[in-house]
Amino acid sequence: DDWLSTDGNRIVDAQGNPVWLTGANWFGFNTSERVFHGLSTARLGDLLDAIASRGINVIRVPISTELLLEWKEGRAAIPTSVNQSVNAGLAGKTSLQVFDAFLAGSKDRGLKVILDVHSALADNMGHMAPMWYSGNITEQDFGDAWAWVAARYQNDDTIIGFDLKNEPHGQPSETPRAKWDGSTDANNWRQEAETVATRIQAVNPHALILVEGVEATPKAGKANTSTSNADYDFNWWGGNLRAAATSPVRLGVANELVYSPHDYGPLVYEQPWFQGAFTATSLRTEVWGPNWLYLNDNATAPLLIGEWGGRLGQDPRQDAWMTALRDLIVSDHLAHTFWCINPDSGDTGGLLLDDWKSWDEAKYALLRPALWQDRNGKFVSLDHVTPLPGGISVTDYYGAGNPAPLG
């Protein structure tokens, strides 16, 4: 039984032992290809072997509401981007069957999975839409898709969490835009997250519920009705969780909520805090602290930084930011999923290089200290029976007297 829950600002196993989710993203099911990128070049099993042996213990899998509905309605198609000569075991399989093969392969290697609705539409740019609905995908579809996938995998603890919606966003002058407050308005992301979580927990009360932030929240004394940017505090899409202090997410099944901000460096976007001199201390006190780190510092709820990462060696500010965030993750044992495994992420590059076999060793060297390891440097799985290849299980970790990963 590998289901997880929360205790204050920690994620814990069924025995109450703190665990450290240290993972990475692998995208493709969210795109028009409707399947992992990389399967045109590399074998699924080889990729899973590499990911698990490098110490990644959880994979965040972006997907679209549109694809989930296709699966729900029995319309899963055979993806054309899977090289069937390389992936003979996937020959003739639909996208849903490929996903199930991935889950089985993950289970065999001690890997866990977080499912992330990255976009409403199966579109490579679908994540640019600010809301959980877009095009012909409605708010009802969003809830229906989550309820279906939660029910389908309710007895499979390989999928340990559901990230409800990637990067809700929108600026004050834009319509529609995702906001966060105590209202029941249709564009209130906190309200929608509670509604969908209720449907998920009705069929699977054991999975973690991950809720991201928004882009803009009103400053003290200002209201969400204002359309002036001057009245708002801004952060990355999905990274602004300031309003959770006064309007927290309330789940019907307690101790399953994880807040999940995203954070990036100046090579993704020149945020104001990168314009002048900054340090790890100033980032913590002026950016991370008020936007999301306070939730960890106050033991309100655990954090899982769902996306962070980028290119190295191109801008010293980028390298300084990434090192500072990595150090925070390590010192406070914050859960995280690095963006990303894919080399074809235009903004960031990936842990893998273009051949989908070689690793960017400099980037991996930066990430490695933020992967869960025991005293001897063996990587720790979140599975109580199956270790990561060459590593140990969480049962063995605590059985050997290793310390709990606490901040």
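Notes on the structure follow. (Residues numbered from 1 in each chain as written. Predicted model: local features only at pLDDT ≥ 70, side-chain atom pairs only at ≥ 80, totals over all residues. Heavy atoms only, no water.)

**Section: the overall build of the chain**
Scanning the chain from N- to C-terminus turns up 9 helices and 12 strands. Taken against the 2.2 N^0.38 rule, which gives 22 Å for 407 residues, the C-alpha radius of gyration of the chain at 20 Å falls within 12% of a compact globule. Taking the principal axes of its C-alpha atoms as reference, the chain extends roughly 60 × 50 × 45 Å. Looking at the chain residue by residue over its 407 residues, the buried ones come to 59%. Look at the contacts in the chain between residues 6 or more apart in sequence, and 72% of them connect residues 24 or more apart. On the chain, roughly 14,600 Å² of surface is accessible, and the fraction owed to carbon and sulfur atoms is 49%. Side-chain charges in the chain split into 30 positive and 49 negative, and the spacing between the mean points of these groups amounts to 1 Å. (Helix = DSSP H or I, 4+ residues; strand = E, 2+ residues; numbered from the N terminus. Rg over C-alpha atoms; globule rule 2.2 N^0.38 Å. Buried < 20%, exposed > 50% of the residue type's maximum accessible area, 1.4 Å probe, protein only. Contact = heavy atoms within 4.5 Å. Areas by Shrake-Rupley, 256 points an atom, 1.4 Å probe, with all protein chains shown as cover. Lys, Arg positive; Asp, Glu negative; His and termini not counted. Charge placed at Lys NZ, Arg CZ, Asp CG, Glu CD.)

**Observations concerning the pairing of strand 6 (residues 159–163)**
The element strand 6 is largely enclosed, with a buried count of 5 among its 5 residues. Following the backbone out of strand 5 (residues 112–119), through helix 4 (residues 139–152) and into the adjacent parallel strand 6, one traces a crossover that is right-handed. Between the parallel pair strand 6 and strand 7 (residues 208–211), the chain is carried across by helix 5 (residues 189–203), and the sense of this crossover is right-handed. (Right-handed = clockwise from strand over helix to strand, strands pointing away.)

**A word on the environment of Asn-204**
Here Asn-204 shows up in the loop between helix 5 and strand 7. Each C-alpha atom, one on Asn-204 and one on Trp-148, is 11 Å from the other, the two residues being 56 residues apart in sequence. Aside from chain neighbours lying at most four places away, what touches Asn-204 is Trp-3, Ala-150, Tyr-153, Gln-154 and Phe-162.

**Examining the packing of helix 6 (residues 280–297) against helix 7 (residues 316–332)**
Packing of helix 6 against helix 7 brings their axes to within 12 Å, and their N-to-C directions diverge by 40°. It follows that helix 6 is oblique to helix 7 by the angle criterion. Here helix 6 and helix 7 pass one another in a crossing that is right-handed. Here Ala-280, Leu-283, Arg-284, Trp-288, Trp-292, Leu-293, Asn-296 and Asp-297 of helix 6 come into contact with helix 7, specifically with Trp-321, Ala-324, Leu-325, Leu-328 and Asp-332. When grouped by side-chain class, the residues that make up the contact of helix 6 with helix 7 number 9 nonpolar, 1 polar and 3 charged. (Axes fitted to C-alpha atoms, helices over the stretch in contact; angles between N-to-C directions. Parallel < 35°, antiparallel > 145°, perpendicular 65-115°, else oblique. Left-handed = near helix turned anticlockwise from the far one by under 90°. Nonpolar A, V, L, I, M, F, W, Y, C, P; charged D, E, K, R; others polar.)

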